[in-house]
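The primary structure of each chain is shown beneath.
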Amino acid sequence: MDNMTAEAFLKPRLEALVRDADKAGYSQDVTVALLISLLDTLNFGADPNSPSDQGGAA
């Protein structure tokens, strides 16, 4: 890993994603709202059935 911050790494990619969505006809507000919703609901590879996710012993 280099000395790049997570923000420096992700910001250009997110900006490009929002630009591409705009070109596809989606408003920036809708795109950002959907990204926030996805980030709030996705588990990014975590096992949704693991005991710790169900309030059991880790």
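Just above, that's the structure.
Since the structure is predicted, the reported quantities are computational estimates derived from the model, not experimental observations.

When you look at helix 1 (residues 6-23) in this model, what are you seeing that I'm missing?
Side chains of residues three or four places apart in an α-helix project in the same direction, reflecting 3.6 residues per turn. With 18 residues, helix 1 extends 26 Å from end C-alpha to end C-alpha; this agrees with the ideal 26 Å at 1.5 Å per step. Remark: Gly-25 follows helix 1 within two positions and exhibits a positive phi of approximately 105 degrees.

I keep staring at the side chain of Thr-31 and nothing clicks. Help me out?
With respect to the helices and strands, the residue Thr-31 is situated in helix 2 (residues 28-41). Its relative accessible area of 9% is what places Thr-31 among the buried residues. Setting aside anything within four residues of it in sequence, one finds Thr-31 in contact with Val-18, Ala-21 and Tyr-26.

Criteria and thresholds
As a convention, each chain's residues are numbered from 1 in the sequence order in which they are written. Given that the model is predicted, a residue must reach a pLDDT of at least 70 before its local features are reported, and side-chain atom pairs must reach 80 or more before they are shown or counted; all residues, however, enter totals for whole chains, interfaces and linings. Side-chain numbers here rest on the full set of heavy atoms in the structure, without hydrogens or water. Put simply, DSSP marks the helices as runs of H or I at least four residues long and the strands as runs of E at least two long, and each gets a number from the N terminus on. The length a helix should cover is 1.5 Å for every residue beyond the first. A simple rule labels every residue: compare its accessible area, found with a 1.4 Å probe on the protein chains alone, to the largest value its type can have, and call it buried under 20%, exposed over 50%, or partly exposed in between. What makes two residues a contact is simply this: any of their non-hydrogen atoms within 4.5 Å.

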